[in-house]
Amino acid sequence: RVFQQRATTTDATVTTLHTVTVAASTTYLVEARVVARRTGGSAGTAEDSAAYVVRAAVKNVAGTATIVGIVSQIFVAEDQVLWDATIDVTGATARVRVTGAASNNIVWHTTVMVQNVGT
């Protein structure tokens, strides 16, 4: 399945771009392609940009999602090193999350591809 989401940030608060509910007794491959562009703010440089490709294997055992191995940043290109994109888990969900920077208005867009297998 493929999903797309957009969000904006104005500071360094970690923001969830997309969530994937991980079904019980199922393993998922989650790949997020994230692109970002600074649209304003008093810090950074006009038109700063970034792009990321992040992958994680996530499984649900007894209602709790866990990362299998490590989250892999396959590709990172960014004008500002404080910006970031990652995948983490909470409860029974996997989350695609981004971090901007103080006084940066950033538009984030993600395309998330999900593949799964269960019992």
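See above for the structure.
Described below are features of the structure shown in this document. What you see is a predicted model, and the numbers here were worked out from it, not measured in a lab.

**As for the environment of Val54**
Within the secondary structure layout, Val54 lies in strand β4 (residues 49-61). For the pair Val54 and Val71, spaced 17 residues apart in sequence, the C-alpha to C-alpha distance is 7.1 Å.

**Points about the nonpolar core**
Among the nonpolar cores identified, the biggest contains 26 residues, and Leu17, Val34, Tyr52, Trp83, Val96 and Trp108 are the most heavily contacted of them. Of all the secondary-structure elements, those providing two or more residues to this core are β2 (14-21), β3 (26-40), β4, β6 (84-90), β7 (93-99) and β8 (105-118). Setting aside anything within four residues of it in sequence, one finds Val96 in contact with Thr15, Thr16, Leu17, His18, Ala32, Val34, Thr86, Ile87, Thr110 and Val112.

**What about the sheet that holds β8?**
Overall, antiparallel pairing links the 5 strands, which are arranged β1-β8-β3-β4-β5 in an open sheet. If you trace the sheet from one side to the other, it starts and ends with β1 (2-9) and β5 (64-78), each paired once. Each adjacent strand pair in this sheet contributes to an overall mean axis angle of 20°, direction not counted. Inspection of the sheet shows β1 paired to β8 by 8 bridges, in the antiparallel sense. The residue of β8 that forms the bridge with Gln5 is Thr110.

The rules we used
Residues numbered from 1 in each chain as written. Predicted model: local features only at pLDDT ≥ 70, side-chain atom pairs only at ≥ 80, totals over all residues. Heavy atoms only, no water. Helix = DSSP H or I, 4+ residues; strand = E, 2+ residues; numbered from the N terminus. Core = buried A, V, L, I, M, F, W, Y, C linked by side-chain atoms within 4.5 Å. Buried < 20%, exposed > 50% of the residue type's maximum accessible area, 1.4 Å probe, protein only. Contact = heavy atoms within 4.5 Å. Pairing = 2+ DSSP bridges. Axes fitted to C-alpha atoms, helices over the stretch in contact; angles between N-to-C directions.

Read these as layout, nothing more, since geometry by itself doesn't imply function.
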